[in-house]
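Residue-level structural notes
Below are the chains, spelled out letter by letter.
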2 protein chains.
Amino acid sequence: VDGSFEPVARRKIDLKTKPLGALGRIEELAVQLAVIQRSLMPNVATKHILVFAGDHGVVDEGVSAFPARVTVQMVENFLAGGAAINVFCRQYDIGLSVVDMGVDTTFARHPLLIDKKVARGTANFAVQPAMTREQALAAIENGARAFLEQHAVTPMKIVGMGEMGIGNSSSAAAIICAATGLGSAMVVGRGTGVDDEGLKRKREVIDRALRLHRPDPDDGLELLAKLGGYELAGIAGAVLAAAANGCCVVLDGIISTAAGLIAYLICPAVQGYLVAGHRSVEQGQQAALQRMGLSPGIDLDFRLGEGTGAAITMNLVDLACRTMREMASFAEAGVDSGNI
Amino acid sequence: VDGSFEPVARRKIDLKTKPLGALGRIEELAVQLAVIQRSLMPNVATKHILVFAGDHGVVDEGVSAFPARVTVQMVENFLAGGAAINVFCRQYDIGLSVVDMGVDTTFARHPLLIDKKVARGTANFAVQPAMTREQALAAIENGARAFLEQHAVTPMKIVGMGEMGIGNSSSAAAIICAATGLGSAMVVGRGTGVDDEGLKRKREVIDRALRLHRPDPDDGLELLAKLGGYELAGIAGAVLAAAANGCCVVLDGIISTAAGLIAYLICPAVQGYLVAGHRSVEQGQQAALQRMGLSPGIDLDFRLGEGTGAAITMNLVDLACRTMREMASFAEAGVDSGNI
């Protein structure tokens, strides 16, 4: 983004009828969107969430509380309109598409489904790279294409990045450990809800994988190929494509944020387009956000993913833009501005 | 509320297609509204915010960064639709009324304005009680009537409590100090933005008032009469009336929360109807919430009042009800429920 517009945007919000800075995070979002759109009348009238889905070989290690077939079942649930993200998108007038990046099945065609499958799931990263470098590149490209094709149909002002994939919190945590240098005890959480025994196993699996692969912490593509998932690659590609098209990107929980970090490592200039969707219960998400200089504005104790936190924050971005456009200034309202 | 309905409500949310508890705060709100409405299909389709306004004699002590006439000017701004709360209510389809409880002027009639004025501002509580016990009672009754008259026009499922009154963060902080026993250094913040010198003065004024009045910490009416404001009394009355009519009440920042605490001290049974609107920058708000056993789900660094935090949370309550109504269960969606 071109930061030179920021002082102009900040001046506009500072002159509105409220104590200086009294709308906190909403003011920050208003300024960010004004800068992204280079406009003092920013808007995010067209909103869309892309839910990227994929399966994970690492589930063979017993790292999830749910069986792998739940990935397919939940994609069917998204397509039928019954999942949390469907409810949230209806509440906030957000369009929804599901992108099959690597689910271990063949889906029937469906108007909400975008087929970008690279393979029917990754290899088990505890024993070999999750994918080849070629597969990782193809998946990033497919993710970018998913965004671009949807953008061609309904141009988006803001896009949320959701995901579904049993096992993917292990992949995300491994990437965050590798990228930040933090130990697994600081990063790895319970995902969908493993017990103490399962958490211990999950941390051991990730420690083992990190010793096996020794990835370069600054090489996003290498982190992705060795430890990632196809839905994470899809998100990374979509983030790159969205930022390149001037579209604000809202991340979600630990998986979406780890995938955003991959995009950031590949191209740090995406940072100005990124918004943290919420603070997840998964502690590793915070480390990934910090690595990108982002901080979340809502903390609802979510640990679901799908884009649920992103949906709420997309609405807050909408509110922020509206505040920038519609709220009166001290001069317009004839209100004394006090000692600001 | 009748807590016997809670296990039934919790069972319904636990069987939906997500890991147990994965929607955190939204699940808690869904259960609370189901209990309030004794329904597994809760809804808050009709939403309203009441902004109570009043002036404060204590501004003579130099406790605010804005001059007292800003109370009148901001009420005019609300009526003209230019303030933050107007934008927020438009965003969330929330009705808005302004209740003149004690502003130091005579307003022309306006469709959004409800006249419940008791007096043209309180006395300076640093040197005498803010109001007489009779005035405090009349103001509580007027606040209840404001709710009931609006409720007769458009029956509310949820109501947000906003306020405007230069000087009122001093009144709220004094009430919270007295009710919780915490010292002013722990409770008193910068309000609309006083500097270090102003903050020191504000704390000294409140310490002096507490020594002068020595109010009974458990007597809500006495706290209100000695340290309160007419808009706080109005909110307290409206909270009592709303709870008595089975309407969920969303509090806002430190002033709204202090007024909610007055209602709670008068009648602790209101607790089950109360929702914390947000975590304010004003540290004293947290102490008042804790006194009532409430905790906020959003922390956007707000310190504006008007009902702005309440508006956002009312939308989250709406989302929570919708999630309870619309989200599929594991059985309905044919999804394996894992090890829950």
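Residues numbered from 1 in each chain as written. Chains lettered and ligands numbered in written order. Predicted model: local features only at pLDDT ≥ 70, side-chain atom pairs only at ≥ 80, totals over all residues. Heavy atoms only, no water.

1. What to know about the overall build of chain A
Regarding its fold elements, chain A presents 14 helices and 6 strands. Compactness check: chain A gives a C-alpha radius of gyration of 20 Å against a globular reference of 20 Å for 340 residues, within 12% of the reference. The C-alpha extent of chain A, read off along each of the three principal axes, is 65 × 40 × 35 Å. Here chain A holds 340 residues, and 64% of them are scored as buried. (Helix = DSSP H or I, 4+ residues; strand = E, 2+ residues; numbered from the N terminus. Rg over C-alpha atoms; globule rule 2.2 N^0.38 Å. Buried < 20%, exposed > 50% of the residue type's maximum accessible area, 1.4 Å probe, protein only.)

2. A few points about the domain arrangement of chain A
Residues and elements named next belong to chain A. As assigned here, chain A comprises domain 1 (3-42 + 324-333) and domain 2 (47-318). For domain 1 and domain 2, the distance between their C-alpha centroids amounts to 32 Å. Facing 7 residues of domain 1, the contacting portion of domain 2 comprises 13 residues. Carbon and sulfur atoms make up 59% of the area that domain 1 and domain 2 hide from each other, which totals about 790 Å². (Domains from an automatic or database assignment. Contact = heavy atoms within 4.5 Å. Buried area = accessible area lost by both parts, 1.4 Å probe.)

3. Quick notes on the pattern of salt bridges
Residues and elements named next belong to chain A. Inspection of every chain in the model, using the stated rule, returns 36 salt bridges over all chains. Between R145 and E141 there is a salt bridge whose closest N-O contact spans 2.7 Å. Of this pair, R145 and E141 both sit in helix α5 (residues 133-153), separated by 4 residues, roughly a single helical turn. Residue E141 is classed as partly exposed on the basis of its relative accessible area of 41%. Put simply, E204 and K200 hold a salt bridge, and the shortest N to O gap is 3.6 Å. On the criterion of helical spacing, the pair formed by E204 and K200 is a turn pair, its members being 4 residues apart in helix α8 (residues 196-213). Through salt bridges that share partners, E6, R10 and E28 make up one connected network. (Salt bridge = Lys/Arg side-chain N within 4 Å of Asp/Glu carboxyl O.)

4. Comments concerning the relation of the copies chain A and chain B
Aligned on chain B, chain A shows an RMSD of 0.0 Å; the corresponding rotation is 180° and the shift along the axis is 0.0 Å. Each copy turns onto its partner about a two-fold axis. Distance from the rotation axis, computed per C-alpha, reaches its smallest value in chain A at I298 of chain A: 2.5 Å. The share of interface residues of chain A whose copies in chain B are also at the interface is 98%, consistent with both copies meeting through the same surface. (Least-squares fit on C-alpha atoms with pLDDT ≥ 70 in both.)

5. Quick word on helix α12 (residues 283-291) of chain B
Residues and elements named next belong to chain B. Taken as a whole, α12 has its buried residues at G284, Q285, Q286, A287, A288 and L289. Against α6 (168-180), α7 (184-187) and α11 (254-266) lie the buried residues of α12. In the segment just after α12, G293 is the residue with positive phi, at about 70°.

6. Some details on the environment of L210 of chain A
Residues and elements named next belong to chain A. Relative to the elements of secondary structure, L210 occurs in helix α8. Between the C-alpha atom of L210 and that of M74, which follows or precedes it by 136 residues, the distance is 30 Å. L210 has contacts with A174, C177, A178, P215 and L227, leaving out every residue within four places of it along the chain.

7. Brief notes about the pairing of strand β1 (residues 47-54) of chain B
Residues and elements named next belong to chain B. Of all 8 residues making up β1, 8 are buried, and the element is well covered by its neighbours. Neither face of β1 is exposed, since K47, I49, V51 and A53 on one face and H48, L50, F52 and G54 on the opposite face are all buried. When β1 meets strand β4 (residues 158-164), the two strands line up parallel, connected through 7 bridges. Its bridge partner being in β4, A53 is matched across the sheet by M164. Looking at chain direction, β1 and strand β2 (residues 95-102) are connected through 7 bridges and run parallel. Its bridge partner being in β2, H48 is matched across the sheet by G95. (Pairing = 2+ DSSP bridges.)

8. What about a negative patch on the surface?
Taken together, D299 and D301 of chain A together with D299 and D301 of chain B make up a surface patch of like negative charges. As for its placement among the helices and strands, D299 of chain B is situated in the loop between α12 and α13 (308-326). Taking relative accessible area as the criterion, D299 of chain B reaches 36% and is therefore assigned partly exposed. (Patch = residues over 30% accessible without salt bridge, like charges linked within 9 Å, V, L, I, M, F, W, Y side chains within 5 Å. Areas by Shrake-Rupley, 256 points an atom, 1.4 Å probe, with all protein chains shown as cover. Lys, Arg positive; Asp, Glu negative; His and termini not counted. Charge placed at Lys NZ, Arg CZ, Asp CG, Glu CD.)

9. Structural notes on the sheet that holds strand β5 (residues 248-250) of chain A
Think of a sheet as strands paired side by side through backbone hydrogen bonds, with each pair either parallel or antiparallel. If you trace the 6 strands from one edge of the open sheet to the other, you get β3-β2-β1-β4-β5-β6 (chain A), paired in parallel fashion. In the strand order of this sheet, the two ends are held by β3 (113-115) and β6 (274-275) of chain A, each with one partner.

10. Structural notes on the interface of chain A and chain B
Residue-level contacts link 57 residues of chain A with 56 residues of chain B. Counting the surface lost from both chain A and chain B, the interface buries some 4,500 Å², and carbon and sulfur atoms represent 59% of this. Counting across the interface, chain A meets chain B through 4 salt bridges. Counting the contacts that link chain A with chain B gives 20 residue pairs in polar contact (both at pLDDT 80 or more). With 9 residues, the single largest contributor to the side of chain A that touches chain B is helix α13 (residues 308-326) of chain A. (Polar contact = N/O pair within 3.5 Å; in protein donor to acceptor, adjacent residues only side chain to side chain.)

11. Considerations on the side chain of S256 of chain B
Residue and element names in this part refer to chain B. Mapped onto the elements of the fold, S256 is located in helix α11. S256 sits in the buried class, given a relative accessible area of 0%. A polar atom in the side chain of S256 sits 3.0 Å from the backbone nitrogen of D252. The contact partners of S256, leaving out residues within four places of it in the chain, are M161, E163, I235 and L251.

12. Regarding α8 of chain A
All names here are of chain A. With 18 residues, α8 ought to run about 26 Å at 1.5 Å a step, and its terminal C-alpha atoms sit 26 Å apart, in line with that. Tucked into the core, α8 has its buried residues touching α6 (168-180), α7 (184-187) and α9 (220-227). Once α8 finishes, R214 follows within two positions and takes phi at roughly 40°, a positive value. (Expected span 1.5 Å × (residues − 1).)

13. Describing the packing of aromatic side chains
All names here are of chain B. Per the counting criterion, the structure on display carries 4 aromatic pairs over all chains. On the basis of an interplanar angle of 55° and a centroid distance of 6.2 Å, the ring pair of F88 and F302 is categorised as tilted. Of this pair, F88 sits in helix α4 (residues 84-92) while F302 sits in the loop between α12 and α13, and the two are 214 residues apart along the sequence. Exposure class is identical for F88 and F302. Each is buried. (Phe/Tyr/Trp six-rings, centres within 6.5 Å; stacked < 30°, edge-to-face > 60°.)

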